[in-house]
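# A look at the structure
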Amino acid sequence: MAISYSIDFIDSDYKSDNFEGGAGRSLKSFLRDFGNSVLEKNVKILEGVGALPIVLSEKSSYSSIGSALHDLTPYVQSEVSLKKEIKNPEDATKSKTDRYVDFWCMDKKKSFEIWLEAKLAGFNIGKGANWECGADLVNTLKDALDQLKTLKNSNAEQTSENANVFRIALLNNVVYYTKGQKSDDADIEAAPKYIHKAVAEAARNCAKSLRIKGDVHILTSVLDLHTFTGWEDLGYYECPYVLLHMVVFEGLK
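Conventions we followed
Residues numbered from 1 in each chain as written. Predicted model: local features only at pLDDT ≥ 70, side-chain atom pairs only at ≥ 80, totals over all residues. Heavy atoms only, no water. Salt bridge = Lys/Arg side-chain N within 4 Å of Asp/Glu carboxyl O. Helix = DSSP H or I, 4+ residues; strand = E, 2+ residues; numbered from the N terminus. Buried < 20%, exposed > 50% of the residue type's maximum accessible area, 1.4 Å probe, protein only. Axes fitted to C-alpha atoms, helices over the stretch in contact; angles between N-to-C directions. Parallel < 35°, antiparallel > 145°, perpendicular 65-115°, else oblique. Left-handed = near helix turned anticlockwise from the far one by under 90°. Contact = heavy atoms within 4.5 Å. Pairing = 2+ DSSP bridges. Phe/Tyr/Trp six-rings, centres within 6.5 Å; stacked < 30°, edge-to-face > 60°. pLDDT = per-residue confidence, 0-100. Core = buried A, V, L, I, M, F, W, Y, C linked by side-chain atoms within 4.5 Å. Polar contact = N/O pair within 3.5 Å; in protein donor to acceptor, adjacent residues only side chain to side chain. Nonpolar A, V, L, I, M, F, W, Y, C, P; charged D, E, K, R; others polar.

### Some points on the pattern of salt bridges
In the structure shown here, the tally under the stated rule is nine salt bridges. Glu-232 serves as the salt-bridge partner of Lys-179, at 3.2 Å between the closest nitrogen and oxygen. Within this pair, whereas Lys-179 is found in the loop between strand E5 (164-177) and helix H4 (185-209), its partner Glu-232 is found in helix H5 (residues 231-234), the two being separated by 53 residues in sequence. Pair check on accessibility: Lys-179 and Glu-232 agree, each one exposed. With its nearest N and O atoms 3.5 Å apart, the salt bridge here joins Lys-182 to Asp-185. For Lys-182, a relative accessible area of 41% translates into the label partly exposed. The network of salt bridges with shared partners includes Asp-13, Glu-201 and Arg-204.

### Considering the packing of helix H1 (residues 24-49) against helix H2 (residues 62-72)
At a closest axis distance of 9 Å, the pairing of H1 and H2 adopts a crossing angle of 135°. Of the possible angle classes, the one that applies to H1 and H2 is oblique. Helix-helix and strand crossings are classified by hand; for H1 and H2 the assignment is right-handed. Packed against H1, whose contacting residues are Phe-30, Asp-33, Phe-34, Ser-37, Val-38, Lys-41 and Asn-42, the element H2 presents Ser-64, Ile-65, Ser-67, Ala-68, Leu-69, Asp-71 and Leu-72 at the interface.

### Remarks on the pairing of strand E4 (residues 112-124)
For E4, a buried count of 10 out of 13 residues is recorded, marking the element as mostly surrounded by other parts of the structure. For E4 and E5, the ladder comprises 13 bridges, and the chain directions are parallel. Across the sheet, residue Lys-119 finds its bridge partner in E5, namely Leu-171.

### Some words on the packing of aromatic side chains
Counted according to the given criterion, the structure contains 10 aromatic pairs. Seen in terms of ring centroids, Phe-30 and Phe-112 are 5.5 Å apart; in terms of plane orientation they differ by 90°. Their pairing is edge-to-face. With Phe-30 in helix H1 and Phe-112 in strand E4, this pair connects stretches of sequence that are 82 residues apart. By relative accessible area, which is 1% here, Phe-112 ends up buried. The rings of Tyr-14, Phe-19, Phe-30, Phe-112 and Phe-166 are connected pair by pair, giving a single aromatic cluster.

### A word on the confidence of the model for the chain
Of all residues in the chain, 88% attain a pLDDT of 70 or more, and the chain-wide mean is 87. Low pLDDT, under 50, characterises residues 153-158; the predicted model gives this stretch 16 contacts beyond four residues in sequence or across chains.

### Focus: the nonpolar core
Membership of the largest hydrophobic core comes to 41 residues, with the highest contact counts inside it found for Leu-31, Phe-34, Leu-52 and Ile-114. Those elements that provide at least two residues to this core are H1, H2, strand E3 (94-106), E4, E5, strand E6 (217-224) and strand E7 (238-250). Per element, the largest residue contribution to this core is eight residues, and it comes from H1. The residues contacting Leu-31, other than those within four sequence positions of it, are Phe-9, Ile-114, Ile-168, Leu-219, Met-246 and Val-248.

### Concerning the side chain of Ser-183
Inspection of the secondary structure assignment puts Ser-183 in the loop between E5 and H4. Residue Ser-183 is classed as buried on the basis of its relative accessible area, which comes to 7%. There is a polar contact of 2.4 Å between the side chain of Ser-183 and the backbone oxygen of Ile-125.

### A look at the packing of helix H3 (residues 135-149) against H4
Remark: H3 packs on H4, axes separated minimally by 9 Å, with the N-to-C direction vectors making an angle of 50°. The orientation of H3 with respect to H4, classified from their angle, is oblique. For the pair H3 and H4, the sense of crossing is right-handed. Packed against H3, whose contacting residues are Val-138, Leu-141, Lys-142 and Leu-145, the element H4 presents Val-199, Ala-202, Ala-203, Cys-206, Ala-207 and Ser-209 at the interface. Of the residues in the contact of H3 with H4, the class split is eight nonpolar, one polar and one charged.

Written as structure tokens, this is what we have:
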């Protein structure tokens, strides 16, 4: 089936010139292409077999994330093993345990690298909903940022000495309303920019509470499906938008 959709990009909370090493603009271009590709791949699945994996679960989006990264660069790994140091609060002894990062990649020119954690969240824009980042979304975002904050790189051979290093919390935000709770058309059309600002504010608050050094920068790829009418046949909530938020901060310390 042919699907009526569009893909947009919101960059109002991203400051390219604030990054060290001048990689902010090239990173933005990379992430724009990446986000668009992830969403396009999911639309193709919806058109071909009547499913939209990106709205179903965190792990169901991994294949399109990995495929989109490989479209942009050959230097991609998933489930990268790292060592994390754990301190025992009772006797102050330390031990090391394996932990995993969802994705690592480096651009073709080897000018920057990315460590990426992917999460799934939801945002209710139905009538009567408060149109706020709920506790589940905030906790999910905070968990992703905390995981990235504490990365310890035990695989030095994977990194370039000259590369700019970025950490990205990729929040797959399913915007929805339940049957019979559709908001006014004007509110639905304004939702992506409104939600982008709300998530940007939540990300800054989470980063502050976690004492993440430096700024966080937010980009959002928008899959606009608000004219699609086949949700009930798929057995899904009405999902007028899927927002792919990319919360970026520098360094791997």
